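Observations on the model geometry
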Amino acid sequence: MCGIVGFTGKDQAQKILVEGLKRMEYRGYDSAGVALEVASAAGSARLDVIRRVGKVAGLESELEGYKELSTCGIGHTRWATHGRPSTANAHPHVSCDGRIAVVHNGIVENFAELREELTASGHTFRSDTDTEVFAHLIEEAYAKGRDLMAAVRDACGRVVGAYGLAVVCADEPGVIAVARKDSPIVIGRGEKGSYVASDVIALIEATRDVVVLEDGQFAKLTPKGVEYTDAEGNAIEPEVTHVDWDLDMAEKGGYPDFMLKEIHEQPRVVRDTLVGRMTAAGELDIDELGLSLEELNDIDRVFVIACGTSYHAGLIAKNLIESWARIPTEVEAASEFRYRDPIITPTTLVVAVSQSGETADTLAAIRDARIKGAKVFGITNVVGSPVARESDGVIYTKANKEIAVASTKSFIGQVVSLTLLSMLLAQVKYRLTTKQARLLFRELGDTAEQVQHILDTQGAAVREAAEVCRDAHSALFVGRGMGAAIACEGALKLKEISYLHAEAYAAGEMKHGPIALIDPGFPVIAVATKSPTYDKTVSNLMECRARGASIIAVATEGDEDIKKIADHVIYVPRCRDAFSAITASVPLQLLAREVALLRGCDVDQPRNLAKSVTVE
Ligand code: M6R
């Protein structure tokens, strides 16, 4: 989840590195650093390593005073795994003699034994990171007469774990050695030279034609070009991918933060995710299904595995799959699933949901499920991501790049995609006629306008409601059925960006414990849209009100009675209960953001979090 960038060519490297790091800062931002090559004697150079704890802006100000000419360098923005955020633990890490510098995204699982071995043979470690072993391993191999590429290959052969790696060596000026295993690396050639990054967003100003390095591949970047090799050093010719989205798509587009921009993109996400998904004959068209209709018809059990917000999308799917297709469905945190011994047979379908498509626990769970014989279907936002590649079939959520750490538009894309999958399962089980499928599909499409309506009309109501939470110490989110699942996502959004403790409870469970928390002013946020259990939810809210709770209700337009119970009401248009997650989640996203702003929090980059969690 860290960000890596590198450049070698005919321009000031520091400027390019800092720009690239800023664009990737959403991946990790507890420290940042660069290693810049500066020419000294003929054919040789020295490496200047500059690192700072905190955001890239801090590194940028430090570099303002740096006046050396450097046309080759590597940079990194970190999210701590081994070792706390500190200057010593920030990347790049260097060899004992300071002539080799390394930036790394991933994890070295056997770092403790490698560190012990390297220390015993005379290497001095200056950080607590796993990454530093790479610098010393490469130094050892280099000292045996290997060139940089061979030394990197040698080091990678000794490491167990995941890496996206970029390395410079003062004795081979202008060369950046790159390696990849289970951690993304993209490489591109621009007019001014050669670029490497862990995310295409850092490259697209220089080039739109990129190579996505595969596991086990290596690249040697020089100002003149890039040579690709496999693990044995044989030349290979990887495929070039053309990236057709522009920088604007990744910028804020006039909104004060990415989160708000992404919340406002949700009507488009609903539409895009549905485009081309139903044929004129009323059949669902999942082009990358990867499973035959017969195989789907045989499915007798579903596991949805995911983490965080994606897990909550799974809770919505459970409701839909069980009520439409009547297939028993369990939703499980991938981090739990992978260490259990779940009952899986060849007729089990595992649905893996992941925005990034690279969450370590979700990937491990997929691999485990496949070994046990399950069919795996992926729901992801990232084309070609590991989740997409390792699943039998996939639906892409069409949310486009999501920058804010708090997932919003990708959640909506996931819910829409899972709704399609649930409909498909119901169709193959002959529980949904073509006519019913058409109707559902049309109503699902209508939610795009309904979300737009919420965005256009409910801003003031959300802002007023947010005041209730400004100085609170805790909040409860409640609902029943679909509402209970939506409440889970509401609570996660609030806690991750406002640092206000929040918990979600099935409303009917309140009197079995949580109601004891309620004292005057305690915020209770209720999903109280019209549903089969609406009346029951209202009764539960009355019990909270009787104990002095401040109630914020997300309710259906036209429901005037709810105002007698709730202190604040945020209205959403009436829709089928099955689709209520798409509409009712939106006010909760907006509420979380407003509360975070009132509490002075950074809504796009909340503390301690990273956008994609590629370590366990
Ligand atoms: O990329 P993934 O969907 O696999 O990520 C899973 C979680 O890390 C993610 O949803 C996380 O909970 C978000 N920060 C929530 O907003």
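Here is what the cut-offs are and how they apply
Residues numbered from 1 in each chain as written. Predicted model: local features only at pLDDT ≥ 70, side-chain atom pairs only at ≥ 80, totals over all residues. Heavy atoms only, no water. Helix = DSSP H or I, 4+ residues; strand = E, 2+ residues; numbered from the N terminus. Rg over C-alpha atoms; globule rule 2.2 N^0.38 Å. Buried < 20%, exposed > 50% of the residue type's maximum accessible area, 1.4 Å probe, protein only. Contact = heavy atoms within 4.5 Å. Areas by Shrake-Rupley, 256 points an atom, 1.4 Å probe, with all protein chains shown as cover. Lys, Arg positive; Asp, Glu negative; His and termini not counted. Charge placed at Lys NZ, Arg CZ, Asp CG, Glu CD. Pairing = 2+ DSSP bridges. Axes fitted to C-alpha atoms, helices over the stretch in contact; angles between N-to-C directions. Salt bridge = Lys/Arg side-chain N within 4 Å of Asp/Glu carboxyl O. 1 Å grid on protein atoms, 1.4 Å probe; cavity = no way out; pocket = protein on both sides within 12 Å on 5 of 7 lines; lining within 4 Å. Points joined across faces, edges and corners; volume = space filled by probe spheres on them. Nonpolar A, V, L, I, M, F, W, Y, C, P; charged D, E, K, R; others polar. Domains from an automatic or database assignment. Buried area = accessible area lost by both parts, 1.4 Å probe. Polar contact = N/O pair within 3.5 Å; in protein donor to acceptor, adjacent residues only side chain to side chain. Near = heavy atom within 4 Å. Sits in = over half its atoms within 2 Å of the grid points.

Looking now at the overall build of the chain. Of the regular secondary structure elements, the chain holds 18 helices and 24 strands. Here the C-alpha radius of gyration of the chain, 26 Å, is about what a compact globule of 616 residues would show, namely 25 Å. Viewed in the frame of its principal axes, the chain has a C-alpha envelope of about 80 × 55 × 45 Å. Within the chain, the fraction of its 616 residues that count as buried is 61%. Across the chain, every contact between residues at least 6 apart in sequence was considered, and the portion connecting residues at least 24 apart equals 71%. Accessible surface, the chain: about 23300 Å² in total, of which carbon and sulfur atoms supply 49%. Here the chain contributes 67 positive and 87 negative side-chain charges, whose respective centroids are spaced 3 Å apart.

This paragraph deals with the pairing of strand 8 (residues 176-181). Most of strand 8 is tucked away: 5 of the 6 residues are buried. For strand 7 (residues 161-169) and strand 8, the ladder comprises 6 bridges, and the chain directions are antiparallel. When the bridges of strand 8 are listed, A166 appears paired with V178. Hairpin connection from strand 7 to strand 8: 6 residues lie between these consecutive antiparallel strands, with G174 at a positive phi of about 85 degrees. The pairing of strand 8 with strand 12 (residues 218-222) spans 4 bridges and is classified as antiparallel. Bridge pairing in strand 12 links V178 to A219.

On to the sheet that holds strand 12. As summarised here, the arrangement of the 6 strands in space is 5-6-7-8-12-13, forming an open sheet in which the pairing is antiparallel. The sheet is open, and its two edges are formed by strand 5 (93-94) and strand 13 (225-229), each paired on a single side. Across 5 bridges, the pairing between strand 12 and strand 13 is antiparallel. Opposite A219, over in strand 13, you have Y228 as the bridge partner. The strands that helix 5 (residues 148-158) touches are strand 7, strand 8, strand 12 and strand 13; relative to strand 7, the one it contacts most, it runs at about 155 degrees.

Attention now goes to the pattern of salt bridges. One pass over the full model with this rule turns up 35 salt bridges. Its salt-bridge partner being K22, residue E60 comes within 3.1 Å of it at the nearest N-O pair. One end of the pair, E60, is in helix 2 (residues 56-64); the other, K22, is in helix 1 (residues 13-23), and 38 residues separate them in sequence. Among the residues examined, E60 registers a relative accessible area of 28% and is labelled partly exposed. Among the ionic pairs, E467 bridges to R470, the shortest N-O distance being 3.0 Å. With E467 and R470 both in helix 15 (residues 459-470) and 3 residues apart, the pair spans about one turn of that helix.

What follows deals with the layout of surface pockets. Taken as a whole, the second largest pocket spans an internal volume of roughly 550 Å³. Contributions of two or more residues to the lining of the second largest pocket are made by helix 9 (308-325), strand 17 (348-354), helix 11 (360-371), helix 13 (409-428) and helix 16 (482-498). Broken down by element, the residue count for the lining of the second largest pocket peaks at 3 residues, all from helix 9. Looking at side-chain class alone, the lining of the second largest pocket contains 10 nonpolar, 13 polar and 4 charged residues.

Tracing the backbone through its elements, the reader meets Q450 in helix 14 (residues 434-457). Relative accessible area serves as the criterion here: at 15%, Q450 is assigned to the buried category. Those residues in contact with Q450 that sit more than four places away from it in its chain are P573, R574, C575 and T583.

What follows is about the domain arrangement of the chain. Taken domain by domain, the chain consists of domain 1 (3-244), domain 2 (258-455) and domain 3 (458-598). Across the contact, 31 residues belong to domain 2 and 28 residues belong to domain 3. Carbon and sulfur atoms supply 73% of the area buried between domain 2 and domain 3, which totals about 2500 Å² over both sides. In this assembly, domain 2 and domain 3 are joined by 1 salt bridge. Note that E443 is salt-bridged to R576, the shortest N-O span being 2.7 Å. Taken together, the connections running from domain 2 to domain 3 amount to 9 residue pairs in polar contact (both at pLDDT 80 or more). Secondary structure elements with two or more residues in the side of domain 2 that touches domain 3: helix 6 (258-264), helix 7 (266-274), helix 9, helix 13 and helix 14. Here the element with the most residues in the side of domain 2 that touches domain 3 is helix 14; it accounts for 10 residues.

This next bit is on the sheet that holds strand 18 (residues 375-380). Across the sheet, which stays open at both edges, the 5 strands sit in the order 16-15-17-18-19 with parallel pairing between neighbours. The outermost strands of the open sheet, each flanked by one partner alone, are strand 16 (329-333) and strand 19 (393-396). Shown here is a sheet whose adjacent strand axes are inclined to one another by a mean of 20 degrees, direction ignored. Looking at chain direction, strand 17 and strand 18 are connected through 6 bridges and run parallel. Pairing of L349 across the sheet is with K375, part of strand 18.

Before going further, it helps to examine the site of the ligand. Within the structure, the ligand sits among 13 residues, and S310, S354, S356, T359 and E496 are positioned closest to it. Between T309 and the ligand, the recorded distance is 3.1 Å, taken from a backbone N or O atom to an oxygen atom. Separating an oxygen atom of the ligand from a backbone N or O atom of Q355 is a distance of 2.6 Å. For the ligand, the accessible surface in isolation is 410 Å², of which the surrounding protein chains cover 91%. One can see that the ligand is located within the second largest pocket. Among the elements of the structure, helix 9 and helix 16 are those that each provide at least two residues to the shell around the ligand. With 3 residues, the single largest contributor to the shell around the ligand is helix 9. Among the residues making up the shell around the ligand, the classes are represented as 3 nonpolar, 8 polar and 2 charged.

Residue placement: C96 occurs in the loop between strand 5 and strand 6 (100-108). On the accessibility criterion, C96 (30% relative accessible area) is partly exposed. Distance in space between the C-alpha atoms of C96 and G122 is 9.3 Å, their sequence separation being 26 residues. When neighbours within four sequence positions are excluded, C96 is seen to be in contact with H123, T124, R126, H136 and E139.

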